[in-house]
Amino acid sequence: MPVTEVAPGVFVHAGAHAETDAANDGDIANCGFVVGTDAVAVIDTGGSPSVGRRLREAILARTGRPILYVVNTHAHPDHVGGNEAFLPDGPAFVGHANLPAALAARRDHDRRAYEEATGRPAADRSPVAPTVTVSDRMDIDLGGRVLELVAHPVAHTDHDLTVLDHGAATLWTGDLVFQERAPAVDGSALGWIAVLDTLARVPAQLAIPGHGPPASPWPDAAADLRRYLKGLVADVRAVQKAGGTIQQAVATVPPTGGTAWRLIENYHPRNVTAVFAELEWE
Amino acid sequence: MRPWHGIGLAAACAGMICLAAGGAVAGPAEETRWQVLQDLYFAGRTVEEAGPVVSLEAPTRAHDAALVPIRVATAPAPGVAVTAVHLIVDNNPVPLAMVLRFPDGTRPHAVDTRLRVDAYTNITAVAETADGRLLKTARFVKAAGGCSAPSPKNAQLAALRLGKMKLNLPETVSTGKPATAQLLISHPNYTGFQYDQLNHYYIPAHYVKTIGVRYNGEPVLDVEADISMSEDPSLHFTIVPEKEGTLEVVAEDTKGRIFKESWPIRTTPGS
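For clarity, every value in this text was computed on a predicted model and none was experimentally measured.

Analysis parameters
- Residues numbered from 1 in each chain as written.
- Chains lettered and ligands numbered in written order.
- Predicted model: local features only at pLDDT ≥ 70, side-chain atom pairs only at ≥ 80, totals over all residues.
- Heavy atoms only, no water.
- Helix = DSSP H or I, 4+ residues; strand = E, 2+ residues; numbered from the N terminus.
- Contact = heavy atoms within 4.5 Å.
- Areas by Shrake-Rupley, 256 points an atom, 1.4 Å probe, with all protein chains shown as cover.
- Pairing = 2+ DSSP bridges.
- Axes fitted to C-alpha atoms, helices over the stretch in contact; angles between N-to-C directions.
- Buried area = accessible area lost by both parts, 1.4 Å probe.
- Salt bridge = Lys/Arg side-chain N within 4 Å of Asp/Glu carboxyl O.
- Polar contact = N/O pair within 3.5 Å; in protein donor to acceptor, adjacent residues only side chain to side chain.
- Domains from an automatic or database assignment.
- Nonpolar A, V, L, I, M, F, W, Y, C, P; charged D, E, K, R; others polar.
- Core = buried A, V, L, I, M, F, W, Y, C linked by side-chain atoms within 4.5 Å.
- Buried < 20%, exposed > 50% of the residue type's maximum accessible area, 1.4 Å probe, protein only.

The subject of this paragraph is the overall build of chain B. Of regular secondary structure, chain B possesses four helices and 17 strands. In chain B, the share of contacts with a sequence separation of at least 24, taken over all contacts with a separation of at least 6, comes to 67%. By element, 54% of the accessible surface of chain B is carried by carbon and sulfur atoms, the whole surface being about 12,100 Å².

This part covers the sheet that holds strand β8 (residues 134–141) of chain B. All names here are of chain B. Strand order in the open sheet made by the nine strands is β1-β8-β7-β4-β5-β14-β13-β16-β17, with mixed pairing throughout. Each edge of the open sheet carries a strand with a single partner, namely β1 (47–49) and β17 (258–265). Averaged over all pairs of adjacent strands, the angle between their axes in this sheet comes to 20°, without regard to strand direction. As paired strands, strand β13 (residues 208–215) and strand β16 (residues 245–253) are joined by seven bridges and run antiparallel to one another. Residue Gly212 lies in a different strand from β16, and its bridge partner there is Val250.

The next subject is the interface of chain A and chain B. Contacts between the two partners involve 34 residues from chain A and, on the opposite side, 34 residues from chain B. Looking only at chain A, the three residues that lose the most surface to chain B are Gln247(A), Glu280(A) and Trp281(A), adding up to 29% of its buried area. In this structure, the connection of chain A to chain B is made through three salt bridges. In this structure, Glu280(A) and Arg114(B) form a salt bridge, with 2.6 Å as the shortest nitrogen-oxygen distance. Summed over the shared surface of chain A and chain B, the number is five residue pairs in polar contact (both at pLDDT 80 or more). Counting only elements with at least two residues in the side of chain A that touches chain B, the list comes to α3 (99–118), α5 (223–241), α6 (246–252) and α7 (264–279) of chain A.

The parts lose accessible area when they come together, and the size of an interface is often stated as this lost area. All names here are of chain A. If you check the domain split of chain A, you get domain 1 (4–219) and domain 2 (230–279). Taking only C-alpha atoms, the centre of domain 1 and the centre of domain 2 are 27 Å apart. With 16 residues of domain 1 in contact, the opposing surface of domain 2 contributes 16 residues. Each partner contributes to the roughly 1,300 Å² buried at the junction of domain 1 and domain 2, and carbon and sulfur atoms together form 61% of this total. On inspection of domain 1 and its partner domain 2, the count reaches zero salt bridges. At the boundary of domain 1 and domain 2, one finds 10 residue pairs in polar contact (both at pLDDT 80 or more). Broken down by element, the side of domain 1 that touches domain 2 gets its largest block of residues, four residues, from helix α4 (residues 189–200). A breakdown of the residues in the side of domain 1 that touches domain 2 according to their chemical character gives nine nonpolar, four polar and three charged.

This brings us to unusual backbone geometry. All names here are of chain A. Residue Pro219 is bonded to the preceding Trp218 through a cis peptide linkage, with omega at 10°. Summarising the element assignment, Pro219 is placed in the loop between β13 (216–217) and α5. The residue Ala169 is not glycine, and still its phi comes out positive at about 50°. Mapped onto the elements, Ala169 comes out in the loop between β10 (161–165) and β11 (170–178).

Attention now moves to the nonpolar core. As a rule of thumb, nonpolar side chains are buried together in soluble globular proteins. Counting 53 residues, the largest nonpolar core has Val85(B), Leu100(B), Leu183(B), Ile211(B), Leu221(B), Phe237(B) and Leu247(B) as its most contacted members. If we skip the residues at most four places from it in the chain, Phe237(B) touches Ala110(B), Val111(B), Leu167(B), Ala179(B), Thr180(B), Ala181(B), Leu183(B), Val213(B), Val220(B), Leu221(B) and Leu247(B). Grouped together as the second largest cluster of nonpolar side chains are 41 residues, Val195(A), Val202(A), Val236(A) and Val253(A) included.

Moving on, we get to the pairing of strand β6 (residues 92–96) of chain A. Put simply, side chains in a regular strand alternate between the two faces of the sheet. Residues and elements named next belong to chain A. Within β6, five of the five residues are buried, which leaves it mostly tucked inside the rest of the structure. The pairing of β6 with strand β7 (residues 132–134) spans three bridges and is parallel. Bridged to His96 within β7 is Val134.

Before going further, it helps to examine the pattern of salt bridges. Residue and element names in this part refer to chain A. Here the structure, examined in full by the defined rule, presents 22 salt bridges over all chains. Arg181 is paired through a salt bridge with Glu19; the nearest N and O atoms lie 3.3 Å apart. Of this pair, Arg181 sits in the loop between β11 and α4 while Glu19 sits in the loop between β2 (10–13) and β3 (31–35), placing them 162 residues apart in sequence. Here Arg107 makes a salt bridge to Asp108, at a shortest N to O gap of 3.4 Å.

Now the structure itself:
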C-alpha cells in the first residue's frame, strides 16, 4: 500500500474519498505508523482486515522494529477494521476509555453495513477492542520519540483520541479533522468546535487528518471543518428561532463549503438532523 | 426559507410538498400488512380512505431512523369533528406509535412529532371522527433500525435531564389566533429492543406513555404513546388562546414517574 513519509519516521496512507465498497474494501480513511528507535506504533488500521494486512506489509517493508502499539482514534469501522491484522505482533491496543462501549454498541450495525457494502461476509469477531484505555492522557515511548495520547470530551464522537508526536511536531487528529471529505457529526457539534479550539493551541506544525491529504499545516487544516460546523450551528439555530422543524432545517440549511466537500449529500442532511436534536436542549 | 438544492433529490424533496404528492405506496406487501393491523386495532370496523380530512407528511428516506420527523394535520369538514388520530408505523414491532386526541375536534389541528422506524414501512394515520368514522392515509418511508439504535449519545447527561421539559413559542401569540407551540420532553424512551452489548442484556423498555396539554384548565391535546415515539419526545401542536393564561403539561412514563410543567402565555390583541 502506498504510504507517504510526511515527517522523519512518520508514515501515512491516505484513504479514498468514497464509501466502502467491494473494490476498496474499506480503504477510505487515513491510517499510518510512527517509527522510533525501539518500536513502532500504528495509528488506525483501515476499514477491513485486508487493509490492515496491507498496512502491516508496508510497515514490515520499512522497518524491522517491533509493532508494540496499535492506537485507534475512535470506533468508526473505517479506522478500526484492520486491527486484527496486527494480532500476530501482540501489540497493546490503545484507545479512549469510551472506545470499548462504542465498539460493542456499533458491532452488529457495522457488520451488516460492511456486508451490504462489499457483498462479502464480515469477520466473525468484532474489531479487536483496546487492551489499554486512556481516560485523560498517556505517553507512549517508542525510543527517541514520545507520543502523547489525549482523550477528548464528546466531539466527532464521545471517544475521540489524538496522538501528538512532540519531536516531529505532528498531530494525528483522527476524525476530529476532516479535509475534503464531508464530516459526520456523531457526537456533538458544539463539543467538536470546543475541542478544535483546544487543539488549535497544540504545539504542532503538521496535522494528519482522519480524512484528507496525508498531512497539512496545523492549525489551518481544520479551517474548512470549523467553518462548516459553525455554519451548521448558526443556521440550525436560526431555523429553530423561527419555530421551524427538522424537515424545514434539512430542506433549507446549506453546507458551508458546499459541494467542495466530497460525498456531502450523504452526510449533510444527517448532520442537520443530529445538530437540530442537539441544539434543542441548549 | 429557500430550499437548498445542492444535495440531490432526497434533501430537495424534504420540503413537504413533493412528499404529500407522491409518498404513498400501496404495494401488495403493504396491503397485506395493513389488513393484519386493521384487524388488530380496529376489529370489525370500516376504515375508509381519508381524502382531505387528514393529511400526513413524512420523508421518503429518513436521515436518522430513530428520529423520523412526521407531520399530521386534520381539516374537519363542517359538522364533522376529528377527535383523534392514530399513528401507526406498520412494520414496527409495536406498530401503534401513538394516539393523538383532540378535545376540540371541530377546529383543524397540526401535530409534528418524531418516530422510530425499524424497517421500510408505511406510516399510517387513521383519523377518527366524532360520529365514529375511521379515515386513513399512509406514506411509505425508507429507514431501518430505528427501534434498536443504540441510544442515547450521552447516557449520563440523559439520566440527569430525564423528565425535563421545554416549551418553544412564537415571539408573539395573538388572542384568538392559532399559534404553534413545540413541547420537548427529555426522556431516553427505551424501546426494549436496544441491546447493551457491553453488559449483554436488552435495556428494559422505559418510555413516556401519556402526555396531556391543558390551557387554562381546558384540554388541548392528549397523547397516548408507545415505543415508536423517538427519544426526547417532541410535539409541535396548535393552541388558540382566547385570552392570556397558563399552558400546563402533565406526562407520565412507564415507570409511573409523573412530569409536570407550566408556562405563562401572554397574548396580544389579534389584528
